[in-house]
Amino acid sequence: MSGDLLLDRAKALDAADPLAGFRDRFLTAPASDLLSYLDGNSLGRPLEATARLMDAFVREQWGGRLIRGWTDGWLDWPITLGDRLGAVALGAAPGQTVIADSTTVLIYKLARAAVDARPGRRRVVLDTDNFPTDRYVLEGIAAERGLELVWISADPLTGVHPAQVAEVVDDRTALVLFSHVAYRSGWLADIPEINRIAHEAGALTLWDLCHSAGSVPVELDAWGVDLAVGCTYKYLNGGPGAPAFAYLRHDLQDELRQPILGWMGHRASFEMGHGHEPAPGVRALLSGTPPILAMVPLHANLDMLAEAGIEAVREKSLLLTGYVLDLADAWLTEAGVDVVSPRDAARRGGHVTLRRPGFEQLLEPLWDSGVIPDYRRPDGLRIGPAPLSTSFSEVYQGLSVLRDLLEKQR
Ligand SMILES: *Cc1c(COP(=O)(O)O)cnc(C)c1O
């Protein structure tokens, strides 16, 4: 397809896009030079409503209610916002999801709880291509508890396959940990099938949803997931350093105990009593004072996602990444760029990764032109168009700047 036809296609897709109107709800800074934001998979853009909510929270709730705010409702936000997230994006019935900490800390808490609940089993299965923090945390737990890590070599292009999991899990496996969407390639793992295999061997499953929450529909309850974590600052637009979420299946809540016993996970936080008695249910996952200020944006974002609907978001996401693939094939592959993401929509998450030596030198000129993709060493450029804030024309503009820079580099 020629450049003109590709531009016509972007315009047609924008015209037919039922979610197009949501783009106007995002905030653009007054002097912004932004031409094309392609990094929704790393940091989502803020909503206009978020700026208003933050201002109102400081002036009215924090400034007005002061300490009374805690009993007005702040103390329940980890649970009420967790339930809302569970309903809107995770397929989780109430009472199983909390907002807290960071993904890293929650992986630690949940993985430690899981391996401690399976004391006869000394192995944890994970893959070589998982996000670094996931691997590091499990290495730390293995050292702490004298466990053995069993590594699956994930093909960076095709990700972890159920057959690879079946090969290594057995009655020595306490836990398996994988990402739903691989952060590099965007490979979408088959959660129900991998869970089935792990459960048949008696192992627990922990899923990292950082790259799927808010982008790919998740059915935690229906898929039989035991434990899950994810962050809220990517496709959930929570803002830099926004807290994470954890899911702990109902029927494991009495059995699993996370290791950081703080007063906020206590049955009666304000009795200040001797000895830790865990709160009933999912609240026991909490440790210290919840990051209330950093949860404010989630109110606006979850309302927006509920209105848009996660299924519609996924449909647009696949059209966007499909369009990225079309542009890459038309413009970039002849300049030596490889597409290293699944072409099969059923196995593709929310981003497309392009690979070519020399991308690192293009990052600065791209940013200077207002085009912001995501760069991952050594030579990967991730194109992550967030469905609610990105138009097809914006993708066209961004990738045409990349095409022109590649031409100059040759
Ligand atoms: C972004 C991301 C994280 C980030 O963890 P933090 O504790 O928020 O730094 C973890 N895992 C995956 C798969 C991610 O994509």
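Residues numbered from 1 in each chain as written. Predicted model: local features only at pLDDT ≥ 70, side-chain atom pairs only at ≥ 80, totals over all residues. Heavy atoms only, no water.

**A word on the sheet that holds strand β6 (residues 204–208)**
Sheet strands pair by backbone hydrogen bonding; their relative direction is either parallel or antiparallel.
And then number 1: As summarised here, the arrangement of the seven strands in space is β2-β8-β7-β6-β5-β3-β4, forming an open sheet in which the pairing is mixed. Looking at strand neighbours, the two that pair on one side only are β2 (97–100) and β4 (148–152), the edges of this open sheet. Ignoring strand direction, the axes of neighbouring strands in this sheet form an average angle of 20°.
And then number 2: With five bridges connecting them, strand β3 (residues 123–127) and β4 associate as parallel partners. In the strand pairing of β4, Arg123 is matched with Glu148.
And then number 3: The strands touched by helix α5 (residues 103–116) within the sheet are β2, β3, β5 (173–179), β6, β7 (227–231) and β8 (244–248), with β7 carrying the most contacts at an inclination of about 170°.
And then number 4: The sheet strands contacting helix α6 (residues 132–145) are β3, β4, β5 and β6, and the helix crosses β4 at an angle near 150°. (Pairing = 2+ DSSP bridges. Helix = DSSP H or I, 4+ residues; strand = E, 2+ residues; numbered from the N terminus. Axes fitted to C-alpha atoms, helices over the stretch in contact; angles between N-to-C directions. Contact = heavy atoms within 4.5 Å.)

**So, the site of the ligand**
And then number 1: What surrounds the ligand is the set Ser102, Thr103, Thr104, Phe131, Thr133, Asp134, Ser179, Asp208, Cys210, His211, Tyr233 and Lys234.
And then number 2: In the model, an oxygen atom of the ligand is placed 3.4 Å from a nitrogen or oxygen of the Thr103 main chain.
And then number 3: One of the side-chain N or O atoms of Asp208 is found 2.8 Å from a nitrogen atom in the ligand.
And then number 4: Taken by itself the ligand offers 390 Å² of open surface, and the protein chains cover 86% of this. (Near = heavy atom within 4 Å. Polar contact = N/O pair within 3.5 Å; in protein donor to acceptor, adjacent residues only side chain to side chain. Areas by Shrake-Rupley, 256 points an atom, 1.4 Å probe, with all protein chains shown as cover.)

**Regarding the sheet that holds strand β13 (residues 380–383)**
And then number 1: Taken together, four strands build an open sheet; the order of strands is β9-β10-β13-β12 and the sheet is antiparallel. Across the chains shown, the open sheet's two edge strands, defined by having one partner strand only, are β9 (338–339) and β12 (374–376).
And then number 2: The pairing of β9 with strand β10 (residues 352–355) spans two bridges and is antiparallel. Paired with Val339 across the strands is Leu354, a residue of β10.

**Description of the environment of Leu206**
And then number 1: Following the sequence through the fold, Leu206 ends up in strand β6.
And then number 2: The spatial distance from the C-alpha of Leu206 to the C-alpha of Ala29 is 38 Å, given a sequence separation of 177 residues.
And then number 3: When residues no more than four places from it in sequence are discounted, the contact partners of Leu206 are Ile107, Leu110, Ala111, Leu175, Val176, Leu177, Phe178, Leu227, Ala228 and Val229.

**Describing the domain arrangement of the protein chain**
Bring the parts together and some accessible area is lost; that lost area is often taken as the interface size.
And then number 1: We note that the domain assignment places domain 1 (3–46 + 310–409) and domain 2 (73–306) within the protein chain.
And then number 2: Taking only C-alpha atoms, the centre of domain 1 and the centre of domain 2 are 29 Å apart.
And then number 3: With 31 residues of domain 1 at the contact, the number on the domain 2 side is 25 residues.
And then number 4: For the pair domain 1 and domain 2, the summed buried area comes to about 2,300 Å², and 59% of that belongs to carbon and sulfur atoms.
And then number 5: Taken as a group, Ile310, Arg347 and His351 account for 26% of the area that domain 1 buries against domain 2, more than any other trio of residues on that side.
And then number 6: Inspection of the region where domain 1 meets domain 2 yields zero salt bridges.
And then number 7: Scanning the region where domain 1 abuts domain 2 turns up 14 residue pairs in polar contact (both at pLDDT 80 or more). (Domains from an automatic or database assignment. Buried area = accessible area lost by both parts, 1.4 Å probe. Salt bridge = Lys/Arg side-chain N within 4 Å of Asp/Glu carboxyl O.)

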